Amino acid sequence: MARWLPRSADLTRFCQKLNRVKTLEDDMMETSFNRCLSTIDLTLLGIGGMVGSGLYVLTGTVAKEIAGPAVIVSFIIAGFASLLAALCYAEFGARVPKTGSAYMFTYVSVGEIWAFLIGWNVLLEYMIGGAAVARAWSGYLDSIFNHKIKNFTETHVGTWQVPFLARYPDFLAAAILLVATAFISFGAKVSSWLNHVFSAISMGVILFILIMGFVLAQPKNWSSQEGGFAPYGLSGIMAGTATCFYAFVGFDVIAASSEEARNPQQAVPRAIAFSLGLATGAYILVSVVLTLMVPWHTLDPDSALADAFYRRGYAWAGFLVAAGSICAMNTVLLSNLFSLPRIVYAMAEDGLFFQVFSRVHPRTQVPVVGIVVFGLLMALLALVFDLEALVQFLSIGTLLAYTFVAASIIVLRFQQQKADAPAPAAGGRPSPEPREGPSAGELKEYESFSDKLQLVDRDKSKEHREPGQLKAAFEPYLEFLSDFCPGEVVTVAVVTLMVSAICLCSILVFGNTHLHLPTWSYSLLLVLFSLGFLLSLLLIWAHEQQRGTRTFQIPLVPLSPALSIILNIYLMLKLSYMTWLRFAVWLLLGLLVYFGYGIWHSKENLREPRPQRVTARYVVFPSGSLEERGQAQPSPQPPAGLPDTDSEDCKR
């Protein structure tokens, strides 16, 4: 029976295979896509992904039901929190100008299975998000015509009374998705031009709303007679922040488009900064004018801006607001349909997803198979499914991607750069750096033992330390960490930091409600997990990180990514249990796809060298000295159908 059990060495190799990282090409600017997008193109793509229907719906909903006029503060805090995640995407997009966004960033730094699961979740996020926006677009247009489209469909097609299906088929939502799919398949330049048109109209409408809104503003609507500026207090502001945070999730379209940018090292960070700044400013200013035009407690959550102009005697302005809302939703649709096929292409190009999606059309230079297939799937979702119950699922996929990208920034920053990494010697460990002074075969005489110690200390102080090695100032106190390979301690510390963050946020979210912890244990656990988080952060900071790279780098590493990690985990734990249940089911499906297809066809599996066994031979010379010599022998090939599971002693 024991011979059928896997050996510990095989299990170790298998686990290492799951965590292997992607090998990047020497020339990362080489691509089968058309590098035609400028900084302005990327900026408008980011604005289109963030400033959608949320500007016209979310502001009124949060103001009336959650935060009051203090929704302004909620958007400021949410904008800062989004900035932490956006800076991580900006650094990765500049350093790794390849399509794939969070999937690619995780693959090059954390590991293969984690990257696949991130890509798998982002895939569903874009499909549901695009279908939900299409249905909202259809409903908004239908409301302008007094629901004539809905009534016609219900009368001539009929209604359904089936769980998880819509009440009636939404042909208009499916049609707009098919039209958008056709435009996206014409190429990146056509998609960018179409996005420019809708973004220009949307920004013109926003400018009109701001000018007219400030003209019609009444400061008394923030007075105590109307409930004051923050009627729900600090708790309302923070609850509003959690909701407003999801208004900024569209900036990752810029990172997904980095392989089509002309100068991604400069264009991607600038576009992310410009688009996030403009989107945050738009949300804040629209919230200001909305809560100053009419009392916050009288807002209509479904159409707050149009209703506010109507109640102030400007009913005609409602048509402009409706036009701006439809154009804004068009930009979100284009953003989703633009990003999704490119992430699928990146997964297929790496061999983790079906190879048919890695085909690029020779004339339009876009992954046309992925665009058509997933455009049709998105249209099918919008046609027949009731997406209201699935919309919450979007949050968990986005937050998980943000968390892994932030962790990847820390891991990558403390790894040796490809050009600086020493060549491995026999046995797999890095060969020592060449040092100035006598050669290996040259003997050096010392006057005394103390002179030798002084020279050794002097050489040690001048030693160039690679990224991932312990800083010289901490070596006397943490000398036992010097024996580890560069980056190993940082990787373990990042895992410990994430576990501590999960435990800390779990106590904050569930400690008083679900767990009913007494005060002393609640406080004790908070202190313990906070200490674990801070100690992990300090341990990471005690190591050298990469310096002097020519691309953008997020400041205050590891503090900035760590704050992003703990914030994202906190928001994930605030989601409902049904969201987590659906998430678990989708993850299981993803694992079936990975172990059924991805692990067998991964290109990294083909790049791995076959392990060799080394046999030792001892040679006795006439002088009586004994010398050991190694001879490599090829190891037997793994059985057919099993992926090769090679291991390394030191992992970056």
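Thresholds applied
Residues numbered from 1 in each chain as written. Predicted model: local features only at pLDDT ≥ 70, side-chain atom pairs only at ≥ 80, totals over all residues. Heavy atoms only, no water. Helix = DSSP H or I, 4+ residues; strand = E, 2+ residues; numbered from the N terminus. Buried < 20%, exposed > 50% of the residue type's maximum accessible area, 1.4 Å probe, protein only. Contact = heavy atoms within 4.5 Å. Areas by Shrake-Rupley, 256 points an atom, 1.4 Å probe, with all protein chains shown as cover. Core = buried A, V, L, I, M, F, W, Y, C linked by side-chain atoms within 4.5 Å. Axes fitted to C-alpha atoms, helices over the stretch in contact; angles between N-to-C directions. Parallel < 35°, antiparallel > 145°, perpendicular 65-115°, else oblique. Nonpolar A, V, L, I, M, F, W, Y, C, P; charged D, E, K, R; others polar. pLDDT = per-residue confidence, 0-100. Salt bridge = Lys/Arg side-chain N within 4 Å of Asp/Glu carboxyl O. Patch = residues over 30% accessible without salt bridge, like charges linked within 9 Å, V, L, I, M, F, W, Y side chains within 5 Å. 1 Å grid on protein atoms, 1.4 Å probe; cavity = no way out; pocket = protein on both sides within 12 Å on 5 of 7 lines; lining within 4 Å. Points joined across faces, edges and corners; volume = space filled by probe spheres on them. Phe/Tyr/Trp six-rings, centres within 6.5 Å; stacked < 30°, edge-to-face > 60°.

This brings us to the overall build of the protein. Within the protein, the secondary structure is distributed over 22 helices and two strands. Every one of the 652 residues in the protein was classed for burial, and the buried ones make up 49%. Across the protein, contacts joining residues at least 24 apart in sequence account for 80% of those joining residues at least 6 apart. Surface exposure of the protein reaches about 31,400 Å², of which carbon and sulfur atoms provide 65%.

This part takes up the nonpolar core. Ranked by internal contacts, the top residues of the largest apolar core, which has 169 residues, are Leu42, Tyr56, Tyr89, Ile209 and Phe353. Per-element tally for this core: the top contributor is helix α6 (residues 112–144), with 18 residues. Apart from residues lying up to four places away in sequence, Leu42 is in contact with Leu37, Ile254, Ser257, Ala261, Ala267, Val268 and Ala271.

So, about the side chain of Glu91. Along the chain, Glu91 falls in helix α4 (residues 71–95). The class for Glu91 is buried, based on a relative accessible area of 1%. Beyond its immediate chain neighbours, meaning those up to four positions away, Glu91 contacts Ile409, Arg413, Phe552, Gln553 and Ile554.

Turning next to the environment of Ile77. Mapped onto the fold, Ile77 is located in helix α4. Looking at Ile77, the relative accessible area reads 31%, which means it is partly exposed. For the pair Ile77 and Ala242, spaced 165 residues apart in sequence, the C-alpha to C-alpha distance is 9.3 Å. Non-local contacts of Ile77, meaning those with residues more than four positions away in its chain, are made with Ile237, Met238 and Thr241.

The next point concerns the packing of helix α3 (residues 54–67) against α4. The contact between α3 and α4 brings their axes to 9 Å, and the two run at 115°. As summarised for this structure, α3 and α4 are arranged roughly perpendicular, according to the angle between their axes. Residues Thr59, Val62, Ala63 and Ala67 of α3 touch α4, and the partners they reach there are Val71, Ser74 and Phe75. In the contact of α3 with α4, the residues fall into five nonpolar, two polar and no charged.

When pLDDT is averaged along the protein, the result is 83, and 84% of the positions lie at 70 or above. Ranking the elements of the protein by mean pLDDT puts helix α17 (residues 449–462) last with 46 and helix α19 (residues 519–541) first with 95. In the predicted structure, residues 419–462 sits below a pLDDT of 50 and forms 24 contacts with residues beyond four places in sequence or in another chain. In the predicted structure, residues 635–649 sits below a pLDDT of 50 and forms 34 contacts with residues beyond four places in sequence or in another chain.

With that settled, consider the pattern of salt bridges. Taken as a whole and judged by the stated rule, the model has nine salt bridges. Among the ionic pairs, Asp307 bridges to Arg311, the shortest N-O distance being 3.7 Å. Here Arg311 and Asp307 lie together in helix α13 (residues 304–311), a separation of four residues that amounts to about one turn. You can call Arg311 partly exposed: its relative accessible area is 37%. The shortest N-O distance in the salt bridge between Glu349 and Lys603 comes to 3.5 Å. Taken as a pair, Glu349 in helix α14 (residues 317–349) and Lys603 in helix α22 (residues 603–607) lie far apart in primary sequence, 254 residues in all.

Together, Tyr577, Met578, Leu581, Val585, Leu589 and Leu592 give the surface a local cluster of nonpolar side chains, amounting to about 620 Å² of exposed area. Tracing the backbone through its elements, the reader meets Leu592 in helix α21 (residues 577–601).

Further remarks concern empty space enclosed by the protein. One pass over the full model with this rule turns up two cavities of 30 Å³ or more. Its volume calculated, the largest cavity comes out at about 60 Å³. In terms of lining residues, the largest cavity is bounded by Tyr89, Ser101, Ala102, Val122, Glu125, Tyr126, Asp252, Ile343, Thr398, Ala401 and Tyr402. Looking at the lining of the largest cavity, the elements that each hand over two or more residues are α6 and α16 (393–413). As a volume, the second largest cavity reaches approximately 40 Å³.

Applying the stated criterion across every chain yields a total of 31 aromatic pairs. A centroid spacing of 6.0 Å and a plane angle of 25° characterise the contact between Trp114 and Phe404, whose relative ring orientation is stacked. Of this pair, Trp114 sits in helix α6 while Phe404 sits in helix α16, placing them 290 residues apart in sequence. By relative accessible area, Trp114 is classed as partly exposed at 37%. By relative accessible area, Phe404 is classed as buried at 15%. Aromatic pair Phe208 and Phe309: ring centres 6.0 Å apart, planes at 25°, arrangement stacked. Of this pair, Phe208 sits in helix α9 (residues 188–215) while Phe309 is found in helix α13, placing the two residues 101 residues apart along the sequence.

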